[in-house]
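Residues per chain are reported as follows:
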Amino acid sequence: MCNAHRHSPGCDCGFGGQGERYGKITYGSSRNWAETAVNEPWMVRRGLEDLHWDEKGVKKFLAEYSNLLRQNLGEQSLAARLKEMLGWRVMEVVEQWTETMHVPRYRFSPRRG
């Protein structure tokens with residue numbers, strides 16, 4: 001029986017081992033979101049929703065995005081403009097308050113007595 005620490009020859013535990021029958025993990029190239037959005041427009045709305053943009057902000061972004069696509073900019077300049085547009089998101093403080101809470105001090109030893 002294998003304990004995943006020492007594999008016997010021909011071990012089928014799935015943790016690896018010597019030989020060609022075990023697969024290897026290969027990583028694809030990574031791309032910036034803005035560069036991906038240039039070639040795959042469907043990702044724009046999905047990405048903004050994943051970032052929790054509100055509907056008004058998403059519509060504004062998509063309108064500007066479609067204008068940029070009509071201008072036939074190069075891929076690099078379009079990606080740079082998309083990165084700049086991502087900075088549009090503004091956090092708005094709706095409500096603020098101060099609350100006092102009692103936090104007991106941390107003790108390094110158990111209570112005595």
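Whatever comes next refers back to the structure up there.
Residues numbered from 1 in each chain as written. Predicted model: local features only at pLDDT ≥ 70, side-chain atom pairs only at ≥ 80, totals over all residues. Heavy atoms only, no water.

Novice: Give a description of the overall build of the protein that names residues and reports values.
Specialist: The helix and strand tally for the protein stands at four helices and zero strands. Order of helices (α) and strands (β) in the protein, N terminus to C terminus: α-α-α-α. When the 113 residues of the protein are sorted by exposure, 18% land in the buried category. Considering only intrachain contacts with a sequence separation of at least 6, the fraction spanning at least 24 residues in the protein is 44%. (Helix = DSSP H or I, 4+ residues; strand = E, 2+ residues; numbered from the N terminus. Buried < 20%, exposed > 50% of the residue type's maximum accessible area, 1.4 Å probe, protein only. Contact = heavy atoms within 4.5 Å.)

Novice: Which residues make up the environment of L51, and what values go with them?
Specialist: Locating L51 in the fold gives a position in the loop between α2 (42-50) and α3 (55-70). Given the relative accessible area of 43%, L51 is considered partly exposed. Between the alpha carbons of L51 and R89 there is a distance of 9.8 Å; along the sequence they are 38 residues apart.

Novice: For helix α4 (residues 75-85), give the residues involved together with the corresponding values.
Specialist: When α4 is considered as a whole, its buried residues turn out to be L78, A79, L82 and M85. Down the axis of α4, the buried side of the element spans an arc of 120°, and every buried residue falls inside it. With respect to the buried face of α4, the exposed residues turned more than 90 degrees away are Q76 and E84. On its buried face, α4 sits against α1 (33-39) and α3. (Arc of directions from axis to C-beta.)

Novice: Tell me about the pattern of salt bridges, and please be specific about residues and values.
Specialist: Scanning the entire structure with this criterion turns up four salt bridges. Note that R45 is salt-bridged to E49, the shortest N-O span being 3.3 Å. Taken together, the positions of R45 and E49, both in helix α2 and four residues apart, correspond to about one turn of that helix. A relative accessible area of 31% places R45 in the partly exposed class. Overall, the relative accessible area of 41% leaves E49 in the partly exposed class. The salt bridge involving R81 is made with E64; its shortest N-O contact spans 3.6 Å. Of the two residues, R81 is situated in helix α4 and E64 in helix α3; the sequence distance between them amounts to 17 residues. (Salt bridge = Lys/Arg side-chain N within 4 Å of Asp/Glu carboxyl O.)

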